[in-house]
Amino acid sequence: MNHRPGDDGQFDRLWEEAGHSDAPESLVAAISSRLCSGLRAVAPAPSPANMAVRLFLLIVLVTLAVTSLMGLSGAVRMTTLQRLLVSIALASGAALLALSLSWQMIPGSLQRFSPVAALALTLAGFLAAVALLFPLRHSADDLASGLECTRGGVAIAFPAAFLIWLLVRRGASQAYPLVGATIGGASGLVSVAVLQFHCEKQEMVHLSLWHGCVVILCGLTGFAAGTAFREWRLRTAR
Amino acid sequence: MMPVSAPRREPDARSTPERRVAVSNIDEEHLRRLMIGYQQADSQAVESLVRLVSPMLHRFLASPGSLAGDNDDLLQECWVRVHRARHTYRATEPVLPWLFAIARHTKLDGFRRHKRRNSREVLYGEVPEPRLRPRRDTAPEANGRLQALLNALPDSQREVVVMLKVTGMSLEEVARATSSTVGSVKQKAHRAYEKLRRLLSEETS
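Computed from a predicted model, the values in this text were never measured in an experiment.

Rules and cut-offs
- Residues numbered from 1 in each chain as written.
- Chains lettered and ligands numbered in written order.
- Predicted model: local features only at pLDDT ≥ 70, side-chain atom pairs only at ≥ 80, totals over all residues.
- Heavy atoms only, no water.
- Helix = DSSP H or I, 4+ residues; strand = E, 2+ residues; numbered from the N terminus.
- Buried < 20%, exposed > 50% of the residue type's maximum accessible area, 1.4 Å probe, protein only.
- Areas by Shrake-Rupley, 256 points an atom, 1.4 Å probe, with all protein chains shown as cover.
- Lys, Arg positive; Asp, Glu negative; His and termini not counted.
- Charge placed at Lys NZ, Arg CZ, Asp CG, Glu CD.
- Contact = heavy atoms within 4.5 Å.
- Disulfide = S-S within 2.5 Å.
- Polar contact = N/O pair within 3.5 Å; in protein donor to acceptor, adjacent residues only side chain to side chain.
- Axes fitted to C-alpha atoms, helices over the stretch in contact; angles between N-to-C directions.
- Left-handed = near helix turned anticlockwise from the far one by under 90°.
- Nonpolar A, V, L, I, M, F, W, Y, C, P; charged D, E, K, R; others polar.
- Salt bridge = Lys/Arg side-chain N within 4 Å of Asp/Glu carboxyl O.
- Expected span 1.5 Å × (residues − 1).
- Patch = residues over 30% accessible without salt bridge, like charges linked within 9 Å, V, L, I, M, F, W, Y side chains within 5 Å.

A. Highlighting the overall build of chain A. The helix and strand inventory of chain A stands at 8 helices and 0 strands. Along the longest, intermediate and shortest principal axes, the C-alpha atoms of chain A span 75 × 45 × 30 Å. Among the 238 residues that make up chain A, the fraction classed as buried is 50%. Surface summary for chain A: the accessible area is close to 11,100 Å², and the carbon and sulfur share equals 68%. A gap of 12 Å separates the mean positions of the 17 positive and 13 negative side-chain charges of chain A.

B. Seen up close, the overall build of chain B. Looking only at helices and strands, chain B features 9 helices and 0 strands. Secondary structure elements in chain B, listed N-terminal to C-terminal, are α-α-α-α-α-α-α-α-α. Out of the 205 residues in chain B, the part that is buried amounts to 47%. In chain B, of all internal contacts separated by at least 6 residues, the share reaching a separation of at least 24 is 65%. Carbon and sulfur atoms form 51% of the exposed surface of chain B, whose accessible area is close to 10,500 Å².

C. Region of interest: the state of the cysteines. Evaluation of the coordinates by the stated rule reveals 0 disulfides over all chains. Take C36 of chain A: it sits in no disulfide, and the sulfur closest to it among the cysteines is that of C78 of chain B, at 16 Å. Of all cysteine sulfurs, the one in C218 of chain A lies closest to C213 of chain A, which takes part in no disulfide; the gap is 8.9 Å.

D. Focus on the interface of chain B and chain A. Facing the 78 residues of chain B at the interface are 60 residues of chain A. In this assembly, chain B and chain A are joined by 6 residue pairs in polar contact (both at pLDDT 80 or more). The element best represented in the side of chain B that touches chain A is helix α4 (residues 68-85) of chain B, accounting for 12 residues.

E. A look at the packing of helix α3 (residues 48-70) of chain A against helix α7 (residues 176-198) of chain A. Residue and element names in this part refer to chain A. Two elements in contact, α3 and α7, have axes separated by 9 Å at closest approach and are oriented at 35°. Handedness of the crossing formed by α3 with α7: right-handed. Contacts from I59, V62, T63, V66, T67 and M70 of α3 reach α7 at A186, V190, A193, V194, F197 and H198. Its residues placed into classes, the contact of α3 with α7 shows 9 nonpolar, 3 polar and no charged.

F. Local environment of the pattern of salt bridges. In total, this model carries 14 salt bridges over all chains according to the counting rule given. Across the pair R77 of chain A and E200 of chain A runs a salt bridge whose closest N-O atoms are separated by 3.5 Å. Here E200 of chain A lies in the loop between α7 and α8 (204-236) and R77 of chain A lies in the loop between α3 and α4 (80-105), a separation of 123 residues in the sequence. Across the pair R32 of chain B and E29 of chain B runs a salt bridge whose closest N-O atoms are separated by 2.9 Å.

G. Structural context of the environment of A101 of chain B. The topology assignment puts A101 of chain B in helix α5 (residues 95-120). Look at A101 of chain B and you get buried, because its relative accessible area is 4%. Spatially, the C-alpha atom of A101 of chain B lies 9.9 Å from that of E173 of chain B, the residues being 72 residues apart in sequence. Residue contacts for A101 of chain B: discarding those within four places in its chain leaves P107 and G108 of chain A together with A177 of chain B.

H. Up close: helix α7 (residues 155-167) of chain B. All names here are of chain B. The terminal C-alpha atoms of α7 lie 18 Å apart, and with 13 residues this matches the ideal 18 Å at 1.5 Å per residue to within 8%. A large share of α7 lies buried, amounting to 11 of its 13 residues. When we look at burial in α7, the residues that qualify are Q157, R158, E159, V160, V161, V162, M163, L164, K165, V166 and T167.

I. Here's a closer look at a nonpolar patch on the surface. All names here are of chain A. A grouping of V53, L57, L61 and L64 is seen on the molecular surface, where their side chains present a nonpolar patch of about 390 Å² in accessible area. With respect to the helices, strands and loops of the structure, V53 is situated in helix α3. Take V53: its relative accessible area is 49%, and that puts it in the partly exposed class.

J. Fine view of the environment of Q40 of chain B. Structurally, Q40 of chain B can be placed in the loop between α2 (28-39) and α3 (43-61). Residues Q40 of chain B and L196 of chain B lie 156 residues apart in sequence; the distance between their C-alpha atoms is 44 Å.

K. Main features of the packing of helix α6 (residues 142-168) of chain A against α8 of chain A. All names here are of chain A. For the pair α6 and α8, interaxial distance at closest approach is 9 Å and the crossing angle is 35°. Relative to α8, α6 is oriented so that their crossing is right-handed. Contact residues: α6 offers D142, L143, S145, G146, L147, C149, T150, G153, V154 and A157, while α8 offers V205, H206, W210, H211, C213, V214, L217 and C218. Here the contact of α6 with α8 is composed, by residue class, of 11 nonpolar, 6 polar and 1 charged.

L. Representation of unusual backbone geometry. Residues and elements named next belong to chain B. Positive phi, close to 65°, is recorded for A41, a residue that is not glycine. For S179, which is not glycine, the phi dihedral falls at a positive 55°. Within the secondary structure, S179 sits in the loop between α8 (171-177) and α9 (182-204).

Next comes the structure, spelled out in structure tokens:
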């Protein structure tokens, strides 16, 4: 695809008439000299597809590891169909977020969907699966048990986010708030997956509200962390 | 090490002189070889790349109302970021979207820094600063008109128009550089040119 929009000749002429300030020769020479001093060869980073697979596998492995530690008391309360379909929903979300992160790691990557869309689709997929598969029940201790699940989910998300960040930092992400939000969302998804197979309250309201909100909280925390990091860099750059 | 030469793509014979100057005539294949040389620590490739691309980057980084010194600082900062990110360039992908994605974020951060500085600093008095070099402004009236037209556009539309004019990138390449979709870039460019045509016709009438 090599389209150029039909632009106006009048605007083109004005663009050409206007003076442009160009970089002075001395500046260009100074930049070259600075870049060449201590210049080292670098190995090109893996392709976005390769990085997406690595990120997806990392999300899955961390989920399996934490789930094995916490136990499968929730999984035994699910039917086979519920286990299968909710796993598909969670895995699809993990794939979307892994793809989005891999694109954000390489500047100039063609992003077929935005990070915000990836987060929204991940959450929507999980909520839709829960709404379709699980009964609408409500118990008296919903608030207490719900807060416990949310707190546990957020606690799981922190180390998961750190591990994902270790992989993401090998790229060269430019938009720190969005990368932070995506890492937060991915770590929140790990927590949701762990909770799904551990939590004994397999009820639609509990799952969608108290588990689902972990993704939102972690995404927002990641966004705030990315924004804070960007502001810190702006302050310390000069 | 890659040999450094500077083949130039022949200008499009059908294009008007205005279009030829506006559109980059840098060979993408040559740029790709220079980037590979950069990754392989070839200093000649680095020098050629910096000389070739800096004019485009400098024009792109210049904001309405910005000082020449600020643009020079942004250019330096952009190249530092390019240097740190050079391992992420992939030889199978075009160079310009990769470069301008980094330049775009450099420009955004420069704008944020400028805004923070203005909100926190108070100007006590005018101190005449020695002009290190005269700003090359061959047609100040045309430059003023151009800036006024560009200022009338929303930021996202202005960015797309400037990128298309300065680099000659395709819509898909601009979409990559702006982390957007081709449809979105097409829409922004269409709306921007519609508005520019309207403003220009209002001027002439």
